[in-house]
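Structural description and commentary
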Amino acid sequence: MSTTIKPTLAGPAPAKARPARTWRDLRGSRTFNFWLFLSPFLIGLIVFIYVPIVWSVYLSFFDARFTVTPSKFIGFDNYTYMLTDPKFVNSLGTFTVFAAFIVPITWAVSLGLALLVNRIRFMRAFFRSVFFLPTACSYVAASLIWKMSLFSGVRFGLMNTVLGWFGIDNIAWLASPNPPWYWLVIVSARLWLQSGFYMILFLAALQNIPAELYEAAAIDGARPGWQTFRHITLPQLRATSTAVILLLLIAAYQAFDEFYNLLDKTTWGRPPLVELYYTALGQEQDYGAGSAGAVILTALIVVVTLFQGRLMGFGRGDESK
């Protein structure tokens, strides 16, 4: 006796519903851990950086004297006032002089230190640490040391003592803009403070240059020294040099500590940030004009940075061109 089994028309078994993710599952996920560790920095960035920037732009369109919650809208009057203010315009000129000194000198000194440290074969870590150590020093502390010890206007200052050995009279380094000896004090302080940082950038770039390039150059008859540096080392450092110059320009625009502490409340030799400080926090406390000046300065930094990067070809894929 045979039994015939009829085929059934039942469809596929229904898919099981995914269980809801519990708090324990979320806590162990990579996405949750990423946002958990990032959130403190992100909150601080929004609260202390982005909110003040937006509020500063808002204040720049209002008459904000002695208040940060103004009600009188004045449009672009603050911008017109700052662009025609001789003090603010002169501060931009001060930056130009400062950048003309500090940018090429720091670039050359940092690159020179990197070349020296890269060539030595003993105690390289020691010299790298020694040259980098001033970067950890406070700008305020360094400015006070430069002002009260190294470049003090009295005969007990170190520089005046050295000059006295050669029969040169004491120099009041920071007392007068004529002659402008204060530039030597400010530039030397900034140079000592930041050269070590840019030396590390150049040193990392030097160590990434393939040794085969120098070997091929030696086979082709290139002499070590200036010829090799000019045709191999310097072109390979183009991207790093561009980045260093951009960082130096931005840092020059943001110079504040050394000028404020070395020159006190003098009306000459003020860079833009110091002038904006006195505009917003001086006797008039004009937050609107100060905010407008900050926006102008930011726009100027962006324009200069983009132009410099475009001029030097920053971001090109082929670094040999």
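Described below are features of the structure shown in this document. (Residues numbered from 1 in each chain as written. Predicted model: local features only at pLDDT ≥ 70, side-chain atom pairs only at ≥ 80, totals over all residues. Heavy atoms only, no water.)

**Some remarks on the environment of Ser-129**
The test is simple: What counts as a helix is a DSSP run of H or I of at least four residues, what counts as a strand is a run of E of at least two, and both are numbered from the N terminus. Burial status follows relative accessibility: with a 1.4 Å probe on protein chains alone, a residue under 20% of its type maximum counts as buried, one over 50% as exposed, and anything between as partly exposed.
Mapped onto the fold, Ser-129 is located in helix H5 (residues 124–132). Note on Ser-129: relative accessible area 46%, which makes it partly exposed. Put simply, Ser-129 and Gly-196 are 67 residues apart on the chain and 8.6 Å apart in space, counted from C-alpha to C-alpha.

**Some details on the packing of helix H4 (residues 86–119) against helix H8 (residues 182–207)**
Any two packed helices are characterised by the angle at which their axes cross and by the distance between the axes. Applicable threshold: Each axis is a line fitted through C-alpha atoms, and for a helix only the stretch in contact is used; angles between axes span 0 to 180 degrees, taken between their N-to-C directions. Working rule for angles: under 35 degrees goes down as roughly parallel, over 145 as roughly antiparallel, 65 to 115 as roughly perpendicular, anything else as oblique. Each crossing gets its handedness from the near helix: less than a right angle anticlockwise from the far helix is left-handed, clockwise is right-handed. For this scheme, ten residues count as nonpolar: Ala, Val, Leu, Ile, Met, Phe, Trp, Tyr, Cys and Pro. Four count as charged, namely Asp, Glu, Lys and Arg, and the remainder, Gly too, count as polar.
Taken N-terminus to C-terminus, the directions of H4 and H8 make an angle of 45 degrees; their axes are 6 Å apart at the nearest point. By the criterion of interaxial angle, the relationship of H4 to H8 is oblique. In the crossing of H4 with H8, the sense of the turn from one axis to the other is right-handed. Residue composition of the contact of H4 with H8, grouped by class: 21 nonpolar, 7 polar and 1 charged.

**As for unusual backbone geometry**
Residue Pro-179 is reached from Asn-178 by a cis peptide bond, and omega for that bond is -5 degrees. With respect to the secondary-structure elements, Pro-179 resides in the loop between helix H7 (158–165) and H8. Positive phi is not limited to glycine here, since Phe-66 has a value of about 65 degrees. Even without being a glycine, Met-123 presents a positive backbone phi close to 55 degrees. Of note, Met-123 is situated in the loop between H4 and H5.

**Focus on the nonpolar core**
The cut-off we apply is this: Only buried residues count toward a nonpolar core, which is a set of Ala, Val, Leu, Ile, Met, Phe, Trp, Tyr and Cys residues joined through side-chain atoms within 4.5 Å. Note on contacts: a residue pair is in contact if any heavy atoms of the two residues lie within 4.5 Å.
One finds Phe-98 and Phe-259 to be the most contacted residues of the largest nonpolar core, which totals 54 residues. Those elements that provide at least two residues to this core are helix H3 (77–83), H4, helix H6 (139–150), H8, helix H11 (238–253), helix H12 (257–263), helix H13 (272–281) and helix H14 (287–311). By residue number, the principal contributor to this core is H8, which donates 13 residues. What Phe-98 contacts, discounting residues up to four positions off in sequence, is Trp-183, Ile-186, Val-187, Arg-190, Ala-252, Ala-255, Glu-258 and Phe-259.

**A look at the packing of H4 against H11**
Interhelical geometry of H4 versus H11 gives an angle of 145 degrees and a closest axis separation of 9 Å. Relative to H11, H4 is oriented so that their crossing is right-handed. The segment H4 lies against H11, with Phe-95, Phe-98, Ala-99, Ile-102, Val-103, Thr-106 and Trp-107 engaging Ser-241, Val-244, Ile-245, Leu-248, Leu-249, Ala-252 and Tyr-253. Looking at the contact of H4 with H11 residue by residue, the class counts come to 12 nonpolar, 2 polar and no charged.

**Some details on the side chain of Arg-270**
Keep this limit in mind: Think of a polar contact as two N or O atoms within 3.5 Å of one another; within protein, one of them needs to be a possible hydrogen donor and the other a possible acceptor, and neighboring residues in sequence only count if both atoms come from side chains.
Tracing the sequence through the fold places Arg-270 in the loop between H12 and H13. The buried category is assigned to Arg-270, whose relative accessible area is 12%. A polar contact of 2.9 Å, which involves the side chain of Arg-270, links it to the backbone oxygen of Thr-266. Setting aside residues no more than four positions away along its own chain, Arg-270 makes contact with Ser-91, Thr-94, Lys-265, Glu-275 and Tyr-278.

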